[in-house]
Amino acid sequence: MTTFQDLMHDLGGEYTKLLMGSVVIKEDMDFLVQDGHIKASESELKETVSYARNVLLRVKQYMVSAFGFLTLVKPLIDEKVGPNNALFTLKAKNDEISRLAEETIKSLTDLPSIEIVKTASENIQKIIALSKEAEKIFFTVKPALYEKIGQKTEVAFGNGFKVLILDDQKDICDYLSNFLKKKGFRVEIATTANEAIGLAKSMIPQIALLDIKLDNPSTTGIDVLKHIRIYQPGCRCFMITLVDDKEILKKCLDLGAIGALTKPFNVDEIKNSLFKIVMEILNAAE
Amino acid sequence: MFNKSCLILDDDDNIREPFVKFLIRKGFKKVFGAAKASEALALIEKEKPDFILMDIQLEDEIDGVEILKRIKDGLSPASQVIMLSGHKGLFEKTCRELGAIDFWGKPMDPHEMLEKIQVIIPNKDGS
């Protein structure tokens, strides 16, 4: 179960990582500068810059994840508490942190001048300050939201994303469709390959669940996979397969499928796989 | 600055590594980082660190509470232990009863953490 509490916990975790990394690289930058000069050998300077760049790249990633978590909890908050301005403020701070990190990464060359190092240090200081403000907002709203929403509330993480399901067994389609709709996805179902290809064109799904073996052996889920990979490369394709279909599955992965759901279905497996895809899509969108 | 040794147990590299780096810079004699419970237990037994900071929730077969028990049961009872948790309050009572001297919620600012550590382990050696 992906609960509200899990997502809020993960969001808080991102701020901890952000703060840890930023404080250390801020000190690194300041350590380089003494009496208006850079007091470090070329190799020390290179090493410090490379470490700082890596941390800043991670800072960007934290903000992308934080954005994803916010996007997932926001619909629930809107529904149960009403529109919450604090989350917009949080998002704005996160965007600003992201922007500063990006700018600093771009400015840091392998052997930067003292001016560049000083500016980087100032930017990182701003990042630290902003992250403390964001953290403060987060930890003020968190308990209030917990109280109103309840910690164990499951989050409909589907985020309105469109899913195309192809399976020749109508009851399997219906089962998956009901399950996914409850999780907040928008779902269309097809029972033949041609129908699926038509739907893929009209609905432009973000995610496709494709059964490999269909009743009509002339077309298979693999044909649909090939079609989608060419015409809608942004769509994440998951194959539906029997446990013993290993070779066929490998072929599908080579063709660009990102994974498989095996029959008989395990509800947790479906949910975890889709949760990961949703986070990936949200992250890629940033 | 401190003639002290310290161990950080956290399975998240992005929290543990910067904090280890930070404490080394602040002059701790030895700073150990451990990502796994087994690694931490071996280090604690061998090095008997003055100060141990560990996350309660580990993606491991044993959690922080169990490690705390083992430390206080003889592995290194003199070590000062602080527990770190994303869920402030959960397990706090248990940990204090087991001998943890403090319980910190995440997120924490490294500077604030250092200040607290300085209060907990005053530098008696005067070095």
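Residues numbered from 1 in each chain as written. Chains lettered and ligands numbered in written order. Predicted model: local features only at pLDDT ≥ 70, side-chain atom pairs only at ≥ 80, totals over all residues. Heavy atoms only, no water.

Structural notes on the pattern of salt bridges
Phase 1: Counting across every chain of the model gives 32 salt bridges over all chains.
Phase 2: In this structure, the salt-bridge partner of Lys21(B) is Asp28(A), at a minimum N-O distance of 2.7 Å. In this pair, Lys21(B) sits in helix α1 (residues 13-25) while Asp28(A) sits in helix α1 (residues 4-32), so the two residues belong to two different chains.
Phase 3: On the basis of relative accessible area, Asp28(A) is assigned to the buried category, the value being 7%. (Salt bridge = Lys/Arg side-chain N within 4 Å of Asp/Glu carboxyl O. Helix = DSSP H or I, 4+ residues; strand = E, 2+ residues; numbered from the N terminus. Buried < 20%, exposed > 50% of the residue type's maximum accessible area, 1.4 Å probe, protein only.)

Remarks on the confidence of the model for chain B
All names here are of chain B.
Phase 1: Looking at chain B as a whole, the pLDDT averages 87, with 91% of positions reaching at least 70.
Phase 2: The spread of mean pLDDT over the elements of chain B runs between strand β5 (residues 102-105), the lowest at 86, and strand β2 (residues 30-34), the highest at 96.
Phase 3: The ipTM value of the predicted complex is 0.84, and its pTM value is 0.79. (pLDDT = per-residue confidence, 0-100.)

Here we look at the layout of surface pockets
Phase 1: In this structure, the largest pocket spans a volume of roughly 770 Å³.
Phase 2: As for the largest pocket, its lining consists of 28 residues, and the residues nearest its centre are His9(A), Asp10(A), Gly13(A), Asp12(B) and Glu59(B).
Phase 3: Going through the elements one at a time, α1, α2 (42-80) and α4 (114-149) of chain A are the ones with two or more residues in the lining of the largest pocket. (1 Å grid on protein atoms, 1.4 Å probe; cavity = no way out; pocket = protein on both sides within 12 Å on 5 of 7 lines; lining within 4 Å. Points joined across faces, edges and corners; volume = space filled by probe spheres on them.)

Describing the packing of aromatic side chains
Two aromatic rings, taken as a pair, are described by how far apart their centres are and by the angle between their planes.
Phase 1: Applying the stated rule across the entire model yields seven aromatic pairs over all chains.
Phase 2: On the numbers, 5.9 Å between centres and 50° between planes, the contact of Tyr15(A) with Phe138(A) is tilted. Highlighted residues: Tyr15(A) in helix α1 and Phe138(A) in helix α4, separated in sequence by 123 residues.
Phase 3: Its relative accessible area of 1% is what places Tyr15(A) among the buried residues.
Phase 4: Given a relative accessible area of 1%, Phe138(A) falls into the buried group.
Phase 5: Consider the rings of Phe138(A) and Phe139(A), whose centres lie 4.8 Å apart with planes at 90°: the pair is edge-to-face.
Phase 6: Pairwise contacts between aromatic rings join Tyr15(A), Phe138(A) and Phe139(A) into one cluster.
Phase 7: Over the aromatic face of Phe31(A) sits the side chain of Arg25(B), whose NZ or CZ is 5.9 Å from the ring centroid. (Phe/Tyr/Trp six-rings, centres within 6.5 Å; stacked < 30°, edge-to-face > 60°. Lys NZ or Arg CZ within 6 Å of the ring centre and 35° of its normal.)

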